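# Chain and residue survey
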Amino acid sequence: MADIPALPDSLVLEIFLHLPHTAVLSASLACRQWLAVSRDEFLWRELFYSYYRIPRAVPRHPAAVSWYREFKRLYDCIPCVEVQTLREHHDQVLHLAFSHRGQRFSSCSKDCTVKLWDTERSDGTIALVHSSSMRQYNWGYTQFSQFNADDTLLLVSGVYLGPHHSSSGEIAVISLENYTLLSRVRNKPYDVFGCWLNETHLISGNLHWIGNLTSCSVLWLNKAFQDVESENVNVVKRLFKIQNINASTIRTVMVAHCRRHDTPDLLLDYEAQSQARRSQAQAGGQPAQHHQPMLFDLGTTDSEEEDEEGFEELELEPQVAHLPQAAKYGPLDHVIQGRCGVVEERELETRIAMLMGKNHTKTADPSSLLSTSGGGDTEDKTYLLFTTGSLTYSPHQIGIKRIMPDQMTTCGPVLGEERSTDEFFDSLDHVIDIHGHIIGMGLSPDHRYLYVNSRAWPAGCKISDPMSPPPIAEEIDLHVIDLKSLREERRSLRAHRAFTPNDECFFIFLDVSRDFVASGAEDKHGYIWDRHYNICLAKLAHTDVVNSVAFSPADQELLLSASDDSTIKVWRSPRMVRLAAAPPRASRTGRNLLASLLGRRSNHNNNSAPPNLNGRP
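Residues numbered from 1 in each chain as written. Predicted model: local features only at pLDDT ≥ 70, side-chain atom pairs only at ≥ 80, totals over all residues. Heavy atoms only, no water.

## A look at the environment of Ile400
Heads up, the rule is: What counts as a helix is a DSSP run of H or I of at least four residues, what counts as a strand is a run of E of at least two, and both are numbered from the N terminus.
Counting through the fold element by element, Ile400 comes out in strand E17 (residues 397-403). A sequence separation of 16 residues divides Ile400 from Leu384, and the C-alpha atoms of the two residues are 5.8 Å apart.

## Some details on a nonpolar patch on the surface
Heads up, the condition is: Only residues above 30% relative accessible area that lack a salt bridge enter a patch, with like-charged residues linked at up to 9 Å and the nonpolar side chains Val, Leu, Ile, Met, Phe, Trp and Tyr linked at up to 5 Å. Each accessible area value is a Shrake-Rupley result obtained with a 1.4 Å probe; residue values ignore everything except the protein chains displayed when judging cover. Here a salt bridge means any side-chain nitrogen of Lys or Arg lying within 4 Å of a carboxyl oxygen belonging to Asp or Glu. Each residue is placed in one exposure class: buried if its accessible area under a 1.4 Å probe, protein chains only, is under 20% of its type's maximum, exposed if it is over 50%, and partly exposed if it falls in between.
Judged by side-chain polarity, Leu7, Leu11 and Ile15 come together as a nonpolar surface patch covering roughly 230 Å² of accessible area. Mapped onto the elements of the fold, Ile15 is located in helix H1 (residues 9-16). Look at Ile15 and you get partly exposed, because its relative accessible area is 39%.

## Topic: the packing of aromatic side chains
Using the following cut-off: Pairing of aromatic side chains here covers Phe, Tyr and the six-membered ring of Trp, requires ring centres within 6.5 Å, and sorts the geometry by plane angle: under 30 degrees stacked, over 60 edge-to-face, intermediate tilted. In this analysis the charged atom, NZ for Lys or CZ for Arg, is taken to sit over a ring once it is within 6 Å of the ring centre and within 35 degrees of the ring normal.
What the rule picks out here adds up to 22 aromatic pairs. Judged by centre distance (5.0 Å) and plane angle (75 degrees), the rings of Trp44 and Tyr68 are edge-to-face. Here Trp44 is found in helix H4 (residues 41-52), whereas its partner Tyr68 is found in helix H5 (residues 67-76), with 24 residues between them in sequence. Residue classification places Trp44 among the buried positions, given a relative accessible area of 1%. Judged by relative accessible area, which is 11%, Tyr68 ranks as buried. Ring centres of Phe48 and Tyr49 lie 5.8 Å apart, and the angle between their planes is 85 degrees; this geometry places the pair in the edge-to-face category. One exposure class covers both Phe48 and Tyr49, and it is buried. Grouping aromatic residues by their ring pairs yields a cluster made of Trp44, Phe48, Tyr49, Tyr51, Tyr52, Trp67, Tyr68, Phe71, Tyr75 and Tyr533. One residue, Arg39, lies across the ring of Tyr68, its end atom 4.5 Å from the ring centre. Sitting over the face of the ring of Tyr141, Lys110 holds its NZ or CZ atom 5.0 Å from the ring centroid.

## Some remarks on the environment of Val512
Using the following cut-off: The criterion used for residue contact is that any of the two residues' heavy atoms lie within 4.5 Å.
By the secondary structure assignment, Val512 is in strand E24 (residues 510-512). Linking Val512 and Tyr451, residues 61 residues apart in sequence, is a C-alpha distance of 8.0 Å. Contacts of Val512, omitting those with residues within four sequence positions, involve Gly442, Leu443, Ser444, Pro445, Tyr451, Val517, Arg531 and Phe551.

## Brief notes about the sheet that holds strand E26 (residues 525-530)
Note the threshold: Criterion used throughout: strands pair if DSSP finds at least two bridges between them. Note on method: axes are straight lines fitted to C-alpha atoms, helices fitted across the in-contact stretch only, with angles between N-to-C directions ranging 0 to 180 degrees.
The strand order E24-E25-E26-E27 describes an open sheet built from four strands, whose pairing is antiparallel. Unpaired on one side and paired on the other, E24 and strand E27 (535-541) mark the two borders of the sheet. Within the sheet, the average angular offset between the axes of one strand and its neighbour, ignoring direction, is 15 degrees.

## Quick look at the pairing of strand E11 (residues 201-209)
Among the nine residues in E11, eight count as buried, and that is most of the element. Of the strand pairs in this sheet, strand E10 (residues 195-196) and E11 are connected by two bridges, and their pairing is antiparallel. Within E11, the position partnered with Trp196 by the bridge is Leu202. In this antiparallel pair of consecutive strands, E10 and E11, the connection spans four residues.

## Some remarks on unusual backbone geometry
Along the chain, Lys188 connects to Pro189 via a cis peptide bond; the corresponding omega equals -5 degrees. With respect to the helices and strands, the residue Pro189 is situated in the loop between strand E9 (181-187) and E10. For Phe193, which is not glycine, the phi dihedral falls at a positive 70 degrees. When you line up the elements, Phe193 lands in the loop between E9 and E10. Assessed through its relative accessible area of 6%, Phe193 is described here as buried. Phi angles above zero are rare outside glycine, and Asn534 is one such case at about 60 degrees.

## Some points on the pattern of salt bridges
Scanning all chains against the criterion turns up 18 salt bridges. Arg56 serves as the salt-bridge partner of Glu46, at 3.0 Å between the closest nitrogen and oxygen. Within this pair, whereas Glu46 is found in helix H4, its partner Arg56 is found in the loop between H4 and H5, the two being separated by ten residues in sequence. Two residues, Glu489 and Arg487, come together in a salt bridge whose shortest N-O distance is 3.7 Å. With a relative accessible area of 6%, Glu489 lands in the buried category. Given a relative accessible area of 42%, Arg487 falls into the partly exposed group.

## Re H1
Let me state the cut-off plainly: Working note: the arc is built from the helix axis to C-beta atom directions.
Along H1, the residues that are buried comprise Val12, Leu13 and Phe16. All buried residues of H1 lie within an arc of 100 degrees about the axis, which places them on one face of the element.

## Looking at the nonpolar core
Our working rule: Put simply, buried Ala, Val, Leu, Ile, Met, Phe, Trp, Tyr and Cys residues joined by side-chain atoms within 4.5 Å make one nonpolar core.
Within the largest apolar cluster, 37 residues are counted, with the highest numbers of intra-cluster contacts made by Trp44, Phe48, Tyr52, Ile54, Phe71, Ile528 and Leu559. If you tally residues by element for this core, the top one is H4, at seven residues.

## Points about the side chain of Thr388
Within the element layout of this structure, Thr388 appears in strand E16 (residues 382-388). Thr388 sits in the buried class, given a relative accessible area of 8%.

## Focus on the confidence of the model for the protein
Put simply, the rule reads: The quantity known as pLDDT measures the predictor's confidence residue by residue, on a range of 0 to 100.
Counting all residues, the mean pLDDT for the protein is 81, and 73% of those residues have values of 70 or more. Within the model, pLDDT remains below 50 along residues 586-591, and this stretch shows eight contacts once partners closer than five positions in the same chain are excluded.

Structure, rendered in structure tokens:
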């Protein structure tokens, strides 16, 4: 029988362009010609944009080496397969945190324990190694934890037992060498959470009310443990004292180190990416920066292995009495004369507080302000980030304050630098308004980008009463803020939802890896997005609210999720699941690889498969 003439490559390519990617992969197994055509870059570029519904203006990831491998990365390297469920907690699990090396993680829960887990067992499973109950310290529950930079100490934040509306909390420091409690620090309000500044010092908060709607937040630097010589050495120092108006308070503190702002893992500005590539080409193919983005490790086959310390009580009445006559009455005449009622009283207090703050806030040092230029300012600056507000009690702004080098230790006066009586408060270096209720924040690993979960207020809304904030949307917006330029990058990410009203709203913790960002949600799912393409890639099912997610810093193909269903779920990528199940030293050809990719969806249950989003096949 005579050989049937082969179709021209151009015709095979044209046919492949009208097929889904699964059919293309199947056809590539038929013969060498079709296999070769199935690797055409133009083909996979078209398949990539059509399958993932990405606008054509969005360029390929700067670290990608081919369209085929980029398609495979988003399809095969997302931690969306449930491989283990941890049930050792007996109440809602609120927060998860990995150690910096990824060999351990901690979990906090309404059962008032903090638990430590080992991720490096020889069989690939995760096991509990230690559990500490905080009930003996009169805690109601544990809510947040964080490893210090060298993974020797664990910061645990909790909420005191007390009246229903109590806002007091505490921070405990636990040694990871012998699990002993080293110190306890008051933390108010409890949702300041607390954070590490460096290996040996942590930041806590305190709150002092000086009116019905006006307060002062004091942020303290604390030594993690007391030395033998602690009687002669300060173990605490005041960092900042900041005025709050309209019932707002400082919450959710975190520290950003900007030493890598000029050399991030991933630039989210597409134009900046193009400029970086042009600079590299002009430099003869050498990277323009010292730091090189990591290439995706996909391999050619699957064989790759109430404390008042130092606080001077501030009364509103004396402060107003000593204001200059024009400032004392002029701006307030239309408020004071003939007006009454609760709203008017609140408005009056706010205006007085604003005048007081204007006259008693230390002027910002221009040299400490954030650099918004595109120049090569490589100074290692450290910033304190936190949620705050100016219009209502619900957190709707991101505050930024630089921590100077001489503030990094508790040496020196307990109350910090000397200041005059006219400089009672510290000013903020920068404020970013989110126009919605902030319910979560997370930094990228290089600290260049801040990701913020928020529930938006109605467009154009006005707040007349700080105790009655606007209604909030059910959709959660995930904002991306460039901490170098101080502007929001691109559009917000969406997919996740929340349903609680303003006065019941709670924190939804998110996490960011080199290439992905993940978040919990009140709709009983966790979500994963690609940072470069701004697309949702996976939906992770629980049976109740998902409070927290965490990527392993050692392997972004490992993700944890914690839920009100009292479980922690462990998720790995299809690629890693396949490698773990393969026999040792098994020889797998390229065709085996394609077959395994084709069989991926049929091997997963419905809960662990990536979602069909936006009508995606």
